[in-house]
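Architecture and fold: a report
Residues per chain, in single letters:
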Amino acid sequence: MDHRASFALLIAVAMLPACTKDVQEDLVADNALFALDLPAGWPQPPVPENNPLTNRSVQLGKALFFDERLSLGRGISCASCHRPGSAFSDSLPFSLGVHGEAGFRNAPSLANVAYHPLLLRDGGVPTLEQQVLVPLLDEKEMDANPQAVIELLQADAQLTAMSVRAYGRPLDQLVLTQAIANYERTLISGHSRYDRYLQGDASALSEAGMRGLQLFNGSAHCSVCHSGPDLSDHDFHNVGTAGDGTADAGRERITFLSEDRGKFKTPTLRNISRTAPYMHHGGIATLEAVVHHFNSPPPEAGMQSLGLSANEEQDLVAFLRALDNERPLDQVP
Ligand code: HEC
Ligand code: HEC
């Protein structure tokens, strides 16, 4: 080996660790875990072992969530029915899909979905990853062929680069579902006037709101089902909204058990003032009417009346209005 060659080799060897180190650091930074801004005392949401909640995955997921190419460019994205300004819900009883046709259920808020053990109002889907394909395939929602969607997205160099950096390979169906699921996991809602009140700020609730909170946990029995940080037990109950259950049998559609007819998942009450209309059918327009429904249930519901006065109904509504998040749900830059 002549002098110059050995010198060049020396340089190369000296540079080698530095180069790989840079690249490695870059990748490590990319795939660092997303620093979820969780309210005090909340546990980390569960995440599947094969889909860590990395910075790059949530950024890719956010891009895809707002991308109308998921409906083959026909004007519908996930955000059409799950709008950031409405706590990732919308304001129609039934959302309209690509063909302008209404679906059969009201679009729920996506706040805190990371903590739901089962998804959809009947609990028919077990993971956020699997849920992504439901609206994609539903002819009353995006009515798209996943393979055609993937081909459309793969033609986008920037998305391909984001996918490679997040998951080490170009965009495919698995990456699509994993990235969107991870973005959804970041939609945390636990910063409301109610939370400040719990943390000791007595002025965070109005007098009416404080009376409402007492009723909520006391004689109105709301917290039997609307419990815990998400104000939901994430379980299924019949609260007299399904009529005879022929229009929508609720949980019975999944379990085939007649005792589950008319049962729906308890919705979160976070941001509830922003997600009207209410219930699985979007058939109750205001919070006042929802509270009245629980106070004086329809006779066929077989539920007991609560016997609250008109003032007490208003106090409950004042409390519900204190559950709006005071910062945006979206934490992804
Ligand atoms: C056309 C309107 C529409 C579009 C588009 C849409 N959704 Fe939904 N979404 C709904 C409706 C309606 C439901 C309730 C369906 C049910 O319970 O059967 C729902 C339910 C969900 C749920 C379950 C929430 C819970 O509380 O269990 C998740 C998660 C979700 N959607 C995510 C998405 C994602 C991700 C996309 C894009 C890939 C998307 N949605 C596109 C209307 C829509
Ligand atoms: C037995 C369990 C249970 C009790 C008790 C209960 N709820 Fe609910 N709540 C539910 C279920 C289940 C739904 C969804 C029904 C549906 O989708 O048709 C619901 C829906 C709601 C909604 C509409 C949410 C939305 O996003 O559409 C509000 C608001 C609400 N409840 C407030 C209350 C208040 C206030 C009380 C006390 C007066 C109360 N609930 C008592 C289970 C319960």
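Residues numbered from 1 in each chain as written. Chains lettered and ligands numbered in written order. Predicted model: local features only at pLDDT ≥ 70, side-chain atom pairs only at ≥ 80, totals over all residues. Heavy atoms only, no water.

**Considerations on the confidence of the model for the protein chain**
Interpretation of this model should avoid reading the predicted coordinates in detail wherever pLDDT is low. In this model, the protein chain carries a mean pLDDT of 92, and residues with pLDDT of at least 70 account for 91%. Residue range residues 1-20 is modelled with pLDDT below 50. Its contacts to residues more than four positions away, or to other chains, number 2 contacts. (pLDDT = per-residue confidence, 0-100. Contact = heavy atoms within 4.5 Å.)

**Comments concerning the coordination of the iron atom of ligand 1**
Its sole protein donor being His82 (NE2), the iron atom of ligand 1 sits 2.1 Å from that atom. Along the polypeptide, His82 turns up in the loop between helix H3 (78-81) and helix H4 (128-131). (Donors = N, O, S within 2.8 Å, 3.2 Å for Na, K, Ca; no water. Helix = DSSP H or I, 4+ residues; strand = E, 2+ residues; numbered from the N terminus.)

**Some words on the site of ligand 2**
Contacts to ligand 2 come from 21 residues, most closely from Cys222, Cys225, His226, Thr241 and His280. A distance of 2.9 Å is found between a nitrogen atom of ligand 2 and a side-chain nitrogen or oxygen belonging to His226. At 2.6 Å, a side-chain N or O of His280 approaches an oxygen atom of ligand 2. Counting residues per element, the ones that place at least two in the shell around ligand 2 are strand S2 (264-265) and helix H12 (287-295). (Near = heavy atom within 4 Å. Polar contact = N/O pair within 3.5 Å; in protein donor to acceptor, adjacent residues only side chain to side chain.)

**Describing the coordination of the iron atom of ligand 2**
Within the protein, just one atom coordinates the iron atom of ligand 2: His226 (NE2), at a distance of 2.1 Å. Along the chain, the position of His226 falls in the loop between helix H10 (207-217) and strand S1 (236-237).

**Things to note about unusual backbone geometry**
In this model, Ala276 is joined to Pro277 through a cis peptide bond whose omega is -5°. Here the phi dihedral of Ala87 falls at roughly 55°; this positive angle occurs in a residue that is not glycine. The backbone phi angle of Met279 is positive, close to 75°, even though this residue is not glycine. Residue position: Met279 is located in the loop between S2 and H12. Judged by relative accessible area, Met279 falls into the buried class, the value being 15%. (Buried < 20%, exposed > 50% of the residue type's maximum accessible area, 1.4 Å probe, protein only.)

**Considering the side chain of Ser89**
In this structure, Ser89 sits in the loop between H3 and H4. Ignoring any residue separated from it by four or fewer positions in sequence, one finds Ser89 in contact with Cys81, His82, Arg83, Ala107, Pro108, Ser109 and Thr275.

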